[in-house]
Amino acid sequence: MSLISGFEDVVKENQPLAPFTRLKLGGVAAYFAEPQTQEQLVGLVKRFTENELPIRLIGAGSNTLIRNQGVGGLVISMASPVFCNIEINDDTITAGGGVQLVDFVAAAVRAGLNGPQHLVGIPGTIGAALHNNTSAVGFDIGTWVTSVDVLTRSGEKITYQKDELSFSYRQSSLKDLIVLSAVFAFDREDSETLTKQMQKLWIVRRAAQPSAEVRSAYVFKDHGGETASALIEQAGLKGTRVGDVEICDRDPNYFVANDDATAEDFLKLIELVKTQVHDQLEINLETSIGIW
Ligand SMILES: Cc1cc2nc3c(=O)[nH]c(=O)nc-3n(C[C@H](O)[C@H](O)[C@H](O)COP(=O)(O)OP(=O)(O)OC[C@H]3O[C@@H](n4cnc5c(N)ncnc54)[C@H](O)[C@@H]3O)c2cc1C
């Protein structure tokens, strides 16, 4: 029996990962799956774990840099509709791990649920947002969670309640788990008020970050009360480039991959910034972006 027998319809071998990331860089996944049912997802996770092969999840790929050599094992995308349901009941939203944040925010605002409007304009999916505890302007997604359904690497389904989970700056206790879906609870607010608030926040964000067409990533975590952007600027690195990867003028914590960029150049620019910030400010910047 081959490693993927029974899953041939949903698994591809040597799949380039670049199209699945915002940076559009890097090599292939040895195996790449887009399961169409939860049973297929569970079966694949069990199969690869039994064979002691690594399993990774890819959401919208906006916080992931793939190295040129690519990755072994299995990369799973939960983009199939079965993982992208949004259900609203009174003051709660149940959202699948593959739901795009933009759809989550829009659904909440329409339903008059107060909070998600603060995440307007952040690219990504619910699964990754919970994994990273995505946050903006002092609001993080973990605050609104009431429970999360996950799959362990051995294929076991578990529901964690809020008090069994922990969320902190750009991380959560869901780190090694696959987020299937989550339930969130909110206060109510008039939908029109939320829409206006969201529009204002979107205008501010749009001016501060590279547009969706630009291949960019938000690279470092803030440090000791200072934003990574301010630290990079203090080190005089605005506009620095390696090959065809450059530090964004608008906000230096975004690196932009131009036409001839490579993953190697991206990694070199990360190292250059880390070294310069360390040498000049005696601060060790930590990456926020995941590097595979
Ligand atoms: C222009 C721009 C602006 C940004 N602004 C912000 C911001 O304001 N605040 C902020 O916090 N971040 C910000 N980010 C970073 C990024 O948007 C977030 O980290 C977002 O959560 C990434 O979602 P994704 O689906 O694209 O993640 P991916 O890059 O696909 O994955 C990120 C991580 O999540 C894991 N993952 C994906 N799906 C699942 C799942 N179902 N279960 C478990 N783990 C999973 C992956 O394995 C990976 O480790 C910004 C990025 C860009 C490019």
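My aim in this report is to walk through the structure given alongside it, one point at a time. (Residues numbered from 1 in each chain as written. Predicted model: local features only at pLDDT ≥ 70, side-chain atom pairs only at ≥ 80, totals over all residues. Heavy atoms only, no water.)

1. So, the site of the ligand
Taken together, 31 residues are adjacent to the ligand, and Leu57, Gly59, Ser62, Thr64 and Pro123 come closest. Residue Asn132 places a side-chain N or O atom 2.8 Å away from an oxygen atom belonging to the ligand. Note that an oxygen atom of the ligand is positioned 3.0 Å from one of the side-chain N or O atoms of Arg170. Its free accessible area being 990 Å², the ligand has 94% of it covered by the protein chains. Listed by contribution, the elements that provide at least two residues to the shell around the ligand are β3 (55-58), α3 (126-132), β15 (178-185) and β17 (216-218). For the shell around the ligand, the element with the most residues is α3, which contributes five residues. Grouping the amino acids of the shell around the ligand by side-chain chemistry returns 14 nonpolar, 14 polar and three charged. (Near = heavy atom within 4 Å. Polar contact = N/O pair within 3.5 Å; in protein donor to acceptor, adjacent residues only side chain to side chain. Areas by Shrake-Rupley, 256 points an atom, 1.4 Å probe, with all protein chains shown as cover. Helix = DSSP H or I, 4+ residues; strand = E, 2+ residues; numbered from the N terminus. Nonpolar A, V, L, I, M, F, W, Y, C, P; charged D, E, K, R; others polar.)

2. Regarding the sheet that holds strand β11 (residues 145-151)
Taken in spatial order, the five strands make up an open sheet running β6-β7-β15-β11-β12, and their pairing is antiparallel. Bordering the open sheet on either side are β6 (86-89) and β12 (157-161), each of which pairs with just one other strand. Between one strand axis and the next, the sheet turns by 15° as a mean value, whatever way the strands run. Alignment of β11 against β12, held across five bridges, turns out to be antiparallel. (Pairing = 2+ DSSP bridges. Axes fitted to C-alpha atoms, helices over the stretch in contact; angles between N-to-C directions.)

3. Focus on the pattern of salt bridges
Tallying each qualifying case throughout the model produces six salt bridges. For Asp91, the salt bridge identified is with Arg188, shortest N-O distance 2.8 Å. Of the two residues, Asp91 is situated in the loop between β6 and β7 (92-96) and Arg188 in strand β16 (residues 187-188); the sequence distance between them amounts to 97 residues. Each of the salt bridges in this network shares a partner with another, and the network as a whole consists of Arg241, Asp244 and Glu246. (Salt bridge = Lys/Arg side-chain N within 4 Å of Asp/Glu carboxyl O.)

4. Quick notes on the pairing of β15
Burial analysis of β15 places six of its eight residues in the buried class, the great majority of the element. Sheet topology note: the β7/β15 ladder contains five bridges and is antiparallel. Paired with Ile93 across the two strands is Phe184, which belongs to β15. Bridge count between β11 and β15: six bridges; the pairing is antiparallel. Bridged to Val150 within β15 is Val179. (Buried < 20%, exposed > 50% of the residue type's maximum accessible area, 1.4 Å probe, protein only.)

5. Remarks on the nonpolar core
Of all hydrophobic cores here, the largest spans 30 residues; its most connected members are Phe104, Ile126, Leu130, Ile141, Val148, Leu174 and Phe184. Contributing elements (two or more residues each) for this core: β7, α2 (101-111), α3, β11, β15 and α4 (191-208). Per element, the largest residue contribution to this core is five residues, and it comes from α2. Not counting the four nearest positions on each side in its chain, Leu174 is found in contact with Leu130, His131, Val148, Val150, Leu165, Phe167 and Val179. In this structure, Leu65, Ala228, Ala257 and Val277 belong to the second largest nonpolar core, which totals 27 residues. (Core = buried A, V, L, I, M, F, W, Y, C linked by side-chain atoms within 4.5 Å. Contact = heavy atoms within 4.5 Å.)

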